[in-house]
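# Structural overview for review
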Amino acid sequence: MKKTSQHGQWSSRMVFILAATGSAVGLGNIWKFPYIAGENGGGAFVLTYLLCILAIGLPIMMAEIMLGRRGRQSPINTMRVLAVESNASALWSWLGWLGVVAGFLILSYYSVIAGWAMAYVVRVASGVFDGATADGVSHIFGEFIADPEKLLAWHSLFMIITMLVVARGVKGLERAAKFLMPALILILILLVGYSMNQGAFQQGVSFLFSADFSKINAAGVLTAMGHAFFTLSLGMGAIMVYGSYLPSRVSIGSTTVIIALADTAVALLAGLAIFPIVFANGLTPASGPGLIFQTLPIAFGHMAYGAFFGTLFFLLLVFAAWSSSISLIEPAVAWLVENRKMSRMRACIWAGLLTWLIGIGTVLSFNLAADLTVFGKTFFDLMDYLTANIMLPLGGLCIALFAGWVMAAETSAKELSLPNDHIYKAWRFIVRYVSPVAVLLVFLNVIGLI
Ligand code: TRP
């Protein structure tokens, strides 16, 4: 097996942790988690999500990083060489393709939402929210997403800055990740502090943490599981390709735990900041993808130095989205460089253009094409459902099966080099039985078979 990837290598364990946390922490934590928790009734959903992180996310994340480091290539080629090494079918490389497609589709809408965050940097800085009411804030949001040209312009800008970093390779990814995470966590804590004093903190906390299982149905459980994959960047080769740049001596187990903890902490902090504001202002938790854009500006409009902190917050959100988006396209770019012998720059232009085009569907789904639905879902809803609820769990399931059943035990034991044999045995049991069965049960439950 190769010792290093042709695309380069992270310069230290810390840099890998930052880059992988940068990939994990993004819109999923701050924009998506609160609104899907709101739509699915809160506590029971949050608990299901946390369980999925523990029983499915953590072990599969270790598996995915491990496969990447063993293969040292783009996910498509990694899966092919690992299958050959294990005397299995080369068809496993399809897992890499599934991931590449999922990456394009996710980034296509991710970029549109990141564009909203960019637009809000400017809006908050301009002071339009100073003293604003909940109605006023909702009105501003409604007008904004009704304007396809604005959404398209911000989507285009975000795609350009994403591809600029990806074009620079591992070094570019590294530099982007360094200061953002600590700054983001600090400002979230500040927001939670503000929320504590809005009179509805208790209500927000109990919405998030007191689990009433009558409020969650099969579809909600699938959303929670899908989100566990989404938020940890699992199931499509993003963390696999990051693993392929990981030096051989770094321990995969402990780094995975750190990344998952940081990711979960950011999501919960975001929830704690947002729901008290929702209740204090009589808003509804189930208001969908606009939730943070309709709640946080109220806080910024009323707190001391709100315009300053608000600008900083949306700026950091853009950075968090940026450090996530680069990992969504990296598997495709790495493959183009390996197999099509393209320069990184050319590969970025093609991959970026394709993603940008698909993203136009999402731009229009919030305005001109809002009524164009399939199964009651707009283009954006469809992309989100197809990727987060189907493709990622399916990819994760295949990763678990490959790592647990196809790859030789000595190989995975050596590559993971966990602190002791008990931990290894537990991991192997989970990826062989627990995670695959859990994913299958949730799938079967949703299609109504159990
Ligand atoms: N995890 C990121 C977030 O929560 C999004 C993301 C980045 C992602 N890379 C991914 C999701 C790969 C799925 C797969 O915002």
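Presented here is an overview of the structure given in this document. This structure is a prediction, so every number in the text was calculated from the model and none was measured. The numbering scheme is per chain: residues are counted from 1 as the chain's sequence reads. Restriction of local features to residues with pLDDT of at least 70 applies here, the model being predicted, together with a cutoff of 80 or more for giving and counting side-chain atom pairs; totals for whole chains, interfaces and linings are based on all residues. Each side-chain value is worked out from all heavy atoms of the structure, with water and hydrogens disregarded.

The next point concerns the nonpolar core. What makes a nonpolar core is a set of buried Ala, Val, Leu, Ile, Met, Phe, Trp, Tyr and Cys residues whose side-chain atoms join them at distances within 4.5 Å. For the exposure calls, accessible area comes from a 1.4 Å probe over protein chains only, and a residue counts as buried if that area is under 20% of its type's maximum, exposed if over 50%, partly exposed in between. Grouped together as the largest cluster of nonpolar side chains are 162 residues, with contacts concentrated most on W10, I30, L67, W116, F313, F314 and W427. Broken down by element, the residue count for this core peaks at 19 residues, all from helix α5 (residues 93–126). Here, residues are in contact when the closest pair of their heavy atoms is within 4.5 Å. Setting aside its immediate chain neighbours within four residues, F314 contacts A117, Y120, V121, V124, F293 and F300. Secondary structure counts use DSSP, requiring at least four H or I residues in a row for a helix and at least two E residues in a row for a strand, with both numbered from the N terminus.

So, on to the pattern of salt bridges. Within this document, salt bridges are pairs made up of a side-chain nitrogen of Lys or Arg and a carboxyl oxygen of Asp or Glu, the two lying within 4 Å of each other. Per the counting criterion, the structure on display carries seven salt bridges. With a shortest N-O distance of 2.4 Å, R70 and E85 are connected by a salt bridge. Of this pair, R70 sits in helix α3 (residues 43–71) while E85 sits in helix α4 (residues 75–85), and the two are 15 residues apart along the sequence. Taking relative accessible area as the criterion, R70 reaches 13% and is therefore assigned buried. Look at E85 and you get partly exposed, because its relative accessible area is 30%. Residue K425 pairs with D421 through a salt bridge whose shortest N-O separation is 2.9 Å. Of this pair, K425 and D421 both sit in helix α19 (residues 421–446), four residues apart, which is roughly one turn of the helix. On the basis of relative accessibility, which here comes to 46%, the residue D421 falls in the partly exposed class. Among the ionic contacts, a cluster of salt bridges with common partners joins R69, R70, E85 and E415.

We call a residue near a given molecule or strand whenever any one of its heavy atoms falls within 4 Å of it. Near the ligand you find 17 residues, and of these A24, G28, Y110, F230 and S327 are the closest. Under the rule applied, a polar contact is a pair of N or O atoms within 3.5 Å (in protein, one hydrogen donor and one hydrogen acceptor; residues adjacent in sequence only if both atoms are side-chain atoms). At 2.7 Å from an oxygen atom of the ligand is found a main-chain nitrogen or oxygen belonging to G28. Contacts to the ligand include F230, whose backbone N or O atom sits 2.8 Å from a nitrogen atom. Protein burial of the ligand: of its 370 Å² of free accessible surface, 100% is covered by the chains. Per-residue and other accessible areas were derived by the Shrake-Rupley procedure at a 1.4 Å probe size, with only the shown protein chains allowed to occlude residues.

The next subject is empty space enclosed by the protein. Definitions used for this entry: grid spacing 1 Å over protein atoms alone; cavity, a set of points where a 1.4 Å probe fits but cannot get out; pocket, an open set with protein on both sides within 12 Å along at least 5 of 7 lines; lining residue, one with an atom within 4 Å of a point. Grid points are joined across faces, edges and corners, and a volume is the space filled by probe spheres set on the points. For the coordinates displayed, the defined rule picks out two cavities of 30 Å³ or more. Roughly 140 Å³ of internal volume is contained in the largest cavity. Lining the largest cavity we find 19 residues, and of these S23, Y110, F230, S233 and L328 sit closest to its centre. Mapped by element, the contributors of at least two residues to the lining of the largest cavity are α1 (13–24), α2 (27–39), α5, α11 (218–231) and α15 (306–339). When residues are grouped by polarity, Ala, Val, Leu, Ile, Met, Phe, Trp, Tyr, Cys and Pro land in nonpolar, Asp, Glu, Lys and Arg in charged, and all others, Gly among them, in polar. By residue class, the composition of the lining of the largest cavity is 11 nonpolar, eight polar and no charged. Estimates place the volume of the second largest cavity at around 30 Å³. In this structure, the second largest cavity is lined by P75, L95, G96, G235, M236, G237, M240 and I399. When its residues are assigned to classes, the lining of the second largest cavity shows five nonpolar, three polar and no charged.

Our next topic: the environment of F402. Its location among the elements puts F402 in helix α17 (residues 379–406). Separated by 30 residues in sequence, F402 and R432 place their C-alpha atoms 8.8 Å apart. Once you skip the residues sitting within four places of it in the chain, F402 turns out to touch L67, M79, L82, A83, S86, W92 and M407.

Our focus in this paragraph is a nonpolar patch on the surface. Like-charged residues are merged into a patch within 9 Å and nonpolar side chains (Val, Leu, Ile, Met, Phe, Trp, Tyr) within 5 Å, provided each residue has over 30% relative accessible area and no salt bridge. The grouping of V437, L441, L444, I447, L449 and I450 at the surface amounts to a nonpolar patch, some 580 Å² of accessible area in total. As for its position among the elements, I450 is in the segment after α19.

We now examine the layout of surface pockets. The volume enclosed by the largest pocket comes to roughly 310 Å³. E39, T223, K377, D384 and Y385 are, among the 16 residues lining the largest pocket, the residues nearest its centre. Among the elements that make up the lining of the largest pocket, the one with the highest residue count is α17 (six residues). Residue classes in the lining of the largest pocket are distributed as seven nonpolar, four polar and five charged.

For N87, which is not glycine, the phi torsion reads 55° and is therefore positive. Along the polypeptide, N87 turns up in the loop between α4 and α5. Residue class for N87 comes out exposed when judged on its relative accessible area of 74%. You will see that S233, though not glycine, has its phi angle at about 60°, which is positive.

Another point: the packing of helix α7 (residues 148–167) against helix α16 (residues 344–365). Remark: α7 packs on α16, axes separated minimally by 9 Å, with the N-to-C direction vectors making an angle of 155°. It follows from the interaxial angle that α7 and α16 lie roughly antiparallel. In this structure, α7 meets α16 at a crossing whose hand is right-handed. Only R344, M345, C348, G352, T355, W356, G359, I360, V363 and L364 of α16 make contact with α7, whose side of the interface consists of P148, L151, L152, H155, S156, M159, M163, V166 and A167. Between N-to-C directions, angles span 0 to 180 degrees; the directions come from axes that are lines fitted to C-alpha atoms, helices contributing only their stretch in contact. We call two directions roughly parallel when the angle between them is under 35 degrees, roughly antiparallel when it is over 145, roughly perpendicular when it lies between 65 and 115, and oblique otherwise. For a crossing to be left-handed, the near helix must be turned anticlockwise from the far one by less than a right angle; the clockwise case is right-handed.

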